[in-house]
Every structure is written in C-alpha cells, then in structure tokens.
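Each chain is listed here by its residues.
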Amino acid sequence: MELSLILGISIFGLLFALYLIRDVMKRDTGTAKMREISDAIKQGAEAFLKRQNRTIILLALALAMLIYILYAFVRAHNEHDPASPSQLALWTTVSFVLGALCSVAAGYMGMWVSIRSNIRTAAGALKNMNSALQPALRGGAVSGFFVVAMSLLGVAGLFALVDASGVTDDITKIPLLIVGYGFGASFVALFAQLGGGIYTKAADVGADLVGKVEAGIPEDDPRNPAVIADLVGDNVGDCAGRGADLFESTAAENIGAMILAAGLYKANAMTFEGAGLTLIGVLLFPLVARAFGILASIVGIMVVKTNDTEDPMKALNRGYYVTATLAIIGFFIASKWLLGPYYFNFFLAGMIGVLTSIAFVLITQYYTEYRYRPVKSIAEASQTGPATNIISGIAIGMESTGYPVLVIAAAIVGAYFLGESSGLQHAGLFGTAVATMGMLGTAAYILAMDTFGPITDNAGGIVEMSQQSHEIRERTDRLDSVGNTTKALTKGYAVGSAALAAFLLFSAYIDEVKIYMPSFESVVNLNKPEVFVGALLGAMLVFLFSSMAIKAVGRAAYSIINNVREQFKKNPGIMAGTSKPDYGQCVDIATRAALREMVMPGLLVVGMPIAVGLAFKWLYVAQGSPIHGASGAEVVGGFLMVGTIVGILMALFLNNGGGAWDNAKKYIETGAYGGKKSDPHKAAVVGDTVGDPFKDTAGPSLHVLIKLLSTITLVLAPLFI
C-alpha cells in the first residue's frame, strides 16, 4: 500500500504540473514586438541546453561504462555484497543512467516552461499585478513538481523494479543497489549548474560593465549587444541548473534516508514486530512523508493571488506558510501511520526540519534584502568607491555564515537527540534523516519561488526592450525585485538542506561501509595521518573548485566585453538607435565558453574522491593493514566530512555576499545616495559584477558538489574497502 501511495501521489504531482503548463500556455502573449524578443530568448536558451545536454550525456555514458567495469571486473567479490558481482554492477549502472536521464529531463522541463512563461508574465503586467504574478509562479511551479515528483517516482519505481526482479531476498539491501540513481542525478546537476552558471554570469558581467558603467545605458536596453545573452542566461542557469540541483538533492536524500531506515529496522526488528510495524513501512516512511509534501505544495501554489497595492512578496510568503503548515500535518500523518507508538519524537524531528527551512529563509532575507542593515551598509560604503563596496561585501558574506551554522547545529543535535530518546535503539541518525525529509517537504514550492525569479527578470527585459510605458515597467520592476529576493532565499534553503543532507548521507556512507566491512568501527579518526591528509584534500577541493568556477566566468566575460565594445565601435548606429546590434554573437560566445569551461572543474570533483579512495586503499593493503593504519574507506570518510563542512561555509559566503552586493546596487537605484548613474551607483555596479559569479556560479555549484561527494562515495564505497 505504501509503495502504491508514493507512486500515485508522484503521478498526481506530474499531472498537476501538466495542468499548470496548460494554465500558463493559454494566457495572452502580448504584442508582436514582445513576442519577437521572447522568441530570441527561447531560441538561444534551447540551443544552449541542447548542446550542453549532449556534452553531459556523453560524459555520463563514459562514467557509466567505468562504473560497470569497476564493479564487474576490477572489484573482488565480498561475502557481504547485496547481490552477485554481475547483478551489483548491472543495477548500480542502470540506476546511475536513470538518475542522469531524469535529472536532464527535470532541468529541461523547468527551462522549457520558464522561457514560455516570461512573455505571458510580461503581457499580464499590461493588465494588473495579479495577471503577471500568477503565470510567473505557476510557470516556476512546473519545475518544482517535475523535480520532486520525478525524484520520488524514480526512487520508488527502481525499488519496486529491483524487488520484483528477485535480485535479493532482503529488501533492506535494495537501497544499496539503487544508490547510483542519486549519483547519476548529482553528476548531471553539477555540469548543468556549472555550465549554466558560467553562461549566465559571463553574459551578465559583460552586459553590465560595458552597458551600465561604460556606455551609461539602462539594464536590458535593446542597444546592448549582450542583453539577449543575459536574458538567456537567466533560464539556463537559474531554471535548468537549479532544477537539476534540487532534483539530485531530493533523489540522493531519499536513498540515504532509506539506507538509515533499513539500519534502524535491523537494530529494532523485534520491537517493531511487537508493535505491528512492517519493514516495508519503516523503509518507505521517508518517501511517504515526502509524497505528502507534494500535496501541501499544490495547495500552497493555488492560494497565491495579489492585487496592485499589496507587496507581491507577501502573497508568495502566504503560499509558503500554507505549504509549510500542511507539510507538518502530512508529516504527522505519515509518522503516526508508519512508526506507530514511536511516532511522536520523529514527528518533532520532521518539524525541526520544516522550522529550519523557515529559519534559513528569514536569515537569507536579512542578509540579502535592502530593508536590513547588511545590504544598507554595502550601499553606504559605495559612496567612497568600488574598493570600499567590495571590502564591505566580502565582510558581510563572511558574517552571514554565523547564524546559519547555529541553526544547522541546533537542527542536527535536536533531531539526533529526539531520535535517541524515541525508545528505539540506534535511532539518533535516523532522527537527523527525518529532519532532512521535513526540510525538503516544501521543496516543490521553494523551487517554484526560485524559478519565479528568472521568469520575472526575463519579463522585465521584454517590457524594457519592447519600450512599454513607465507604469508597466514599474510593475515588472516590483516583480523583478521580489524575484531577486526569492532567488536568494532558495539558495539559502538549498545550502541548509545540503547541510542536513550531508550529515544524513555521511551517516549513510558509514552505515554502508559497515555492511560491506563488518570490522569497520564506524569511526573516522582524524588523529590518523592518512585520514587527516584526506580531510585536508577535501577542504582544498572546495577552494580549488570555487577558483576554477569564478575564473571561468572571468574568461568568458572578457570575450563578451570585447565583443560588445567592438560592436559599439564599428557600428555607431547602435547607440544612436538607428541600427540593431548583433545579439547572436554574444549568445554564441557565451555558449562556447560555458561548454568549454565546465568540463575541467566537473571532472576534478568526480575524479578526486575516486583517486583518494583508491590510492589510500592501495597504501593500506601495501602496509599489510597495520593496527594504526586507515583503510581507503576511512580516508574517504575524512575527505567527505571536512570537504562537506568547508563547502557549506563557502557556499553561504558566496551566495549571501553576492546577493547582498546585488541588492545594494538595487537599493541605490531606488534613489539612495544619488540613484542611477551616480558615482555610488557605478561603484555598486562593480561590486555587483564581482558578486555575480559568487552567487550564481560558484555558490550554487557548491550545493551540488557537497551532495555529489556524498553520492559518489555511496556508490563507490565498495571499491575503497
């Protein structure tokens, strides 16, 4: 029954997404000039994603072949394996390929709808605020429901498929056979987020520096040759990239929670049987709780409406609080049903997860909205030039790591002790898994708010470039400002969920190693030189990856800046408004640069944990497994633990610092400190361009890196033993 319910709600979520597509597509598409601009954005975005996905799929197929060869022919059979070597290799590879394909599909669907919602949002702004708000949110929600429903459908479907195939009689071993699903999703998400992030920020930096600072023309001015590339970038980075990012989050965490649920049942089999609780119920509890979150998000989306006098952010927040409340109710039902007399502590752990998501939303608002002290302090510093703006922005970014870490610490410790005091043996780690599931209960609505940002940004660009009236531009500017806030909020949410998930997946990794290697003490001892070195390498990877991502944006932006300058120089009619720039040149430059630059950082992240695990495994075996030595699995544990911690802090710094710089510029554009075209505004534009690759390339890519490290180690743990 549990499996049928999960599959049924997942399919219902997909059907609701199709209803939203129909609702958005039947809306007005505005004037011929607006459609011309929208078509150019659509063409550029689809061309980029087609080329990017072709590259990603080729890389994924190569890695799938490597995984199969390593499992089937290189790795020696272990008596504790969940299946024969050939079956283990087959199902790990199949689940990896399915995860990769579903991640590609989820990202593409999010972008497909967003590039068709932008024109309908712009056309809605010609009427009233609600007619613009609803297509933007509902278009974004399509991505949210496809991501969450497909991740549940994929994991539950694979579970049912493996169970029906009779590969193993012990269903607690099935999660070990399908861990490749999360790895495949993570692998695609890294390249999608990284490639899209490089594209969008290279175009944005190029458009801003030459357009705003040098030429002194407004944002989204049709005279700027990079403006279409910039608008395309909003979709390929913030829609397709983030869709793949949250897909891999939900997929990986579903499987990690199932591994911990299997361990919980084994440790308390007699207790559960005495209470009339089934193994399948406990194992699928995380998925049932997540399924109820889909229903909560549907209600939240449908209640959102506004008027011309209300702040649109209030309407979005109202929908979010409805979703969070219903998600808590759903968690209560799932806990009471599947965990019986032990439900209450785990229900409270789920509530901790939901409250953690709300706390991250509020903290991110504080550090990135210009109503509050941090952003205002950066705007104030802009009065004395770009240098003080940048100094202030870096300081705010560093400061912004404090409160989130305290929230994460309280959530992990609180959920762990609720699990420990539940009356079940070894339930602390499962308590943290339940908190992660609670935090992800509102994922569909959160992703809708995230994709709302680039849709409204595009709508504003369409209104500006089609030269609509000032009143219409004011409406889209209000929505764009809200969209900037929602994008920042969802980045905070993504980091928070990544932090809780990282602990969940680290615990799942330790449990998995223990299954394959019963002599393993379930301890990662940093006092061992090999483990300390592994931890140091994990921390280094975060810095090296961030550097490569930021430099990639710089190199790509350099080419675009030169192209824009050259077009202005060779064709004076562009600035005079008598001739059109060649938008296609910048689109092509950004596309080629993003595809070229994304490969090396991505391969580094995939290759480094494999190299560390195999190298230290060889060293451990060569030393004859001395009593004080560390196995490859333990060294990888240190690599994973410290790399994750440093990655979380770096992502918080980059996301919040970049978001604060962006909104400091927008605060000055409201008229503060001289307003647009003033010296403080020019300084704030420079700070914003520094923050662009922070918040939209390196920062979001680190969310994926954190979870990719966990999923790759889960999949390849047997190779390190």
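Residues numbered from 1 in each chain as written. Predicted model: local features only at pLDDT ≥ 70, side-chain atom pairs only at ≥ 80, totals over all residues. Heavy atoms only, no water.

## Some thoughts on the packing of helix α11 (residues 343-368) against helix α22 (residues 632-669)
Then comes step 1: Two elements in contact, α11 and α22, have axes separated by 8 Å at closest approach and are oriented at 45°. Classified by the interaxial angle, the pair formed by α11 and α22 is oblique. Here Phe360, Thr364, Tyr367 and Thr368 of α11 come into contact with α22, specifically with Leu652, Asn656, Gly659, Ala660 and Asn663. (Axes fitted to C-alpha atoms, helices over the stretch in contact; angles between N-to-C directions. Helix = DSSP H or I, 4+ residues; strand = E, 2+ residues; numbered from the N terminus. Parallel < 35°, antiparallel > 145°, perpendicular 65-115°, else oblique. Contact = heavy atoms within 4.5 Å.)

## With respect to the confidence of the model for the chain
Then comes step 1: The pLDDT averaged across the chain works out to 87; a share of 98% of its residues lies at or above 70.
Then comes step 2: By mean pLDDT, the top-scoring element of the chain is helix α13 (residues 386-399) (96), and the lowest-scoring one is helix α7 (residues 227-267) (79). (pLDDT = per-residue confidence, 0-100.)

## Notes on empty space enclosed by the protein
Then comes step 1: Enumeration according to the criterion identifies 4 cavities of 30 Å³ or more in this entry.
Then comes step 2: Together, Asn484, Lys487, Ala488, Lys491, Asn655, Gly659, Asp662, Asn663, Lys695 and Asp696 line the second largest cavity.
Then comes step 3: Counting residues per element, the ones that place at least two in the lining of the second largest cavity are α17 (470-516), α22 and α23 (679-716).
Then comes step 4: Residues that form the lining of the second largest cavity fall into these classes: 1 nonpolar, 4 polar and 5 charged. (1 Å grid on protein atoms, 1.4 Å probe; cavity = no way out; pocket = protein on both sides within 12 Å on 5 of 7 lines; lining within 4 Å. Points joined across faces, edges and corners; volume = space filled by probe spheres on them. Nonpolar A, V, L, I, M, F, W, Y, C, P; charged D, E, K, R; others polar.)

## Things to note about unusual backbone geometry
Glycine aside, negative phi is the norm for most residues, and most peptide bonds take the trans geometry.
Then comes step 1: Phi angles above zero are rare outside glycine, and Tyr673 is one such case at about 55°.
Then comes step 2: Residue placement: Tyr673 occurs in the loop between α22 and α23.
Then comes step 3: By relative accessible area, Tyr673 is classed as partly exposed at 32%.
Then comes step 4: The phi dihedral of Lys677 falls on the positive side, at around 70°, and the residue is not glycine.
Then comes step 5: Within the secondary structure, Lys677 is located in the loop between α22 and α23. (Buried < 20%, exposed > 50% of the residue type's maximum accessible area, 1.4 Å probe, protein only.)

## A few points about the packing of aromatic side chains
Then comes step 1: Throughout the structure, instances matching the rule amount to 25 aromatic pairs.
Then comes step 2: Taken together, a centroid distance of 6.1 Å and an interplanar angle of 55° make the contact between Phe96 and Phe187 tilted. Residue Phe96 is found in helix α3 (residues 85-125), and its partner Phe187 is found in helix α6 (residues 180-215); the two are separated by 91 residues along the sequence.
Then comes step 3: With a relative accessible area of 1%, Phe96 lands in the buried category.
Then comes step 4: Relative accessible area serves as the criterion here: at 2%, Phe187 is assigned to the buried category.
Then comes step 5: Judged by centre distance (5.3 Å) and plane angle (10°), the rings of Tyr265 and Phe272 are stacked. The same class applies to Tyr265 and to Phe272, which are both buried.
Then comes step 6: A network of ring pairs unites the aromatic residues Phe96, Phe183, Phe187 and Phe191 as a single cluster. (Phe/Tyr/Trp six-rings, centres within 6.5 Å; stacked < 30°, edge-to-face > 60°.)

## Observations regarding a nonpolar patch on the surface
Then comes step 1: A contiguous nonpolar patch, built from Met65, Tyr68, Ile69, Phe73, Val74, Leu90, Val94 and Leu98 and spanning about 730 Å² of accessible area, is present on the exposed surface.
Then comes step 2: Broken down by element, the residue count for the nonpolar patch peaks at 5 residues, all from helix α2 (residues 32-74).
Then comes step 3: Summarising the element assignment, Ile69 is placed in helix α2.
Then comes step 4: Judged by relative accessible area, which is 39%, Ile69 ranks as partly exposed. (Patch = residues over 30% accessible without salt bridge, like charges linked within 9 Å, V, L, I, M, F, W, Y side chains within 5 Å. Areas by Shrake-Rupley, 256 points an atom, 1.4 Å probe, with all protein chains shown as cover. Salt bridge = Lys/Arg side-chain N within 4 Å of Asp/Glu carboxyl O.)

## Things to note about the pattern of salt bridges
Then comes step 1: Evaluation of the coordinates by the stated rule reveals 26 salt bridges.
Then comes step 2: For Lys695, the salt bridge goes to Asp692, with nearest N and O atoms at 3.6 Å. Of this pair, Lys695 and Asp692 both sit in helix α23, 3 residues apart, which is roughly one turn of the helix.
Then comes step 3: A residue is classified by how much of its surface remains accessible, and Asp692, at 0% relative accessible area, is buried.
Then comes step 4: Within the structure, one salt-bridge network assembled from shared partners comprises Lys201, Asp204, Asp662, Lys665, Lys666, Asp688, Asp692, Lys695 and Asp696.

## With respect to the side chain of Ser701
Then comes step 1: Along the chain, the position of Ser701 falls in helix α23.
Then comes step 2: For Ser701, a relative accessible area of 0% gives the class buried.
Then comes step 3: When near neighbours in sequence (up to four residues on either side) are disregarded, Ser701 contacts Leu190, Gln193, Leu194 and Phe545.

## Examining the layout of surface pockets
Then comes step 1: Estimated volume of the largest pocket: approximately 1,100 Å³.
Then comes step 2: The wall of the largest pocket is formed by 37 residues, among which Asp477, Ser481, Lys666, Glu669 and Thr670 lie closest to the centre.
Then comes step 3: Residue assignment for the lining of the largest pocket shows that the elements contributing at least two residues are α6, α10 (312-339), α11, α16 (443-465), α17, α22 and α23.
Then comes step 4: At 9 residues, α17 tops the list of elements feeding residues into the lining of the largest pocket.
Then comes step 5: In the lining of the largest pocket, the residues fall into 8 nonpolar, 10 polar and 19 charged.
Then comes step 6: Secondary-structure elements contributing two or more residues to the lining of the second largest pocket are α7, α14 (402-420), α17 and α22.
Then comes step 7: Counting residues per element, the lining of the second largest pocket draws most heavily on α17, which supplies 9 residues.
Then comes step 8: Considering only residue class, the lining of the second largest pocket consists of 19 nonpolar, 5 polar and 3 charged.

## Structural notes on the side chain of Glu310
Then comes step 1: Among the structural elements, Glu310 can be located in the loop between α9 (279-302) and α10.
Then comes step 2: Separated by 2.9 Å, the side chains of Glu310 and Arg318 make a polar contact.
Then comes step 3: Ignoring anything within four residues of it in the chain, the contact list for Glu310 reads Lys305, Ala315, Arg318 and Arg478. (Polar contact = N/O pair within 3.5 Å; in protein donor to acceptor, adjacent residues only side chain to side chain.)

## A closer look at α17
Then comes step 1: The terminal C-alpha atoms of α17, which comprises 47 residues, lie 66 Å apart, in line with the 69 Å expected from a rise of 1.5 Å per residue.
Then comes step 2: Of all 47 residues that make up α17, 37 are buried, and the element is covered over most of its length. (Expected span 1.5 Å × (residues − 1).)

## Considering the nonpolar core
Then comes step 1: Core analysis: the biggest nonpolar cluster contains 256 residues, and Phe145, Tyr199, Ile228, Phe247, Phe430, Tyr509 and Ile560 have the highest contact counts within it.
Then comes step 2: The greatest single-element share of this core, amounting to 21 residues, is contributed by α7.
Then comes step 3: Those residues in contact with Ile228 that lie beyond four places of it in its chain are Ile37, Ala40, Ile41, Met465, Tyr583 and Val587. (Core = buried A, V, L, I, M, F, W, Y, C linked by side-chain atoms within 4.5 Å.)

## Examining the packing of α13 against α22
Then comes step 1: The N-to-C vectors of α13 and α22 enclose an angle of 135°; their axes lie 8 Å apart at closest approach. Relative to α22, the element α13 lies oblique. The handedness of the crossing between α13 and α22 comes out as right-handed. Along the contact surface, α13 presents Asn389, Ile390, Gly393, Ile394, Ile396, Gly397 and Met398, while α22 presents Leu652, Phe653, Gly657, Ala660 and Trp661.
Then comes step 2: Its residues placed into classes, the contact of α13 with α22 shows 8 nonpolar, 4 polar and no charged. (Left-handed = near helix turned anticlockwise from the far one by under 90°.)

## Structural notes on the environment of Leu339
Then comes step 1: Note that Leu339 resides in helix α10.
Then comes step 2: Along the primary structure Leu339 and Asn224 are separated by 115 residues, whereas in three dimensions their C-alpha atoms are 60 Å apart.
Then comes step 3: What Leu339 contacts, discounting residues up to four positions off in sequence, is Leu277, Val282, Phe285, Ala334 and Phe346.

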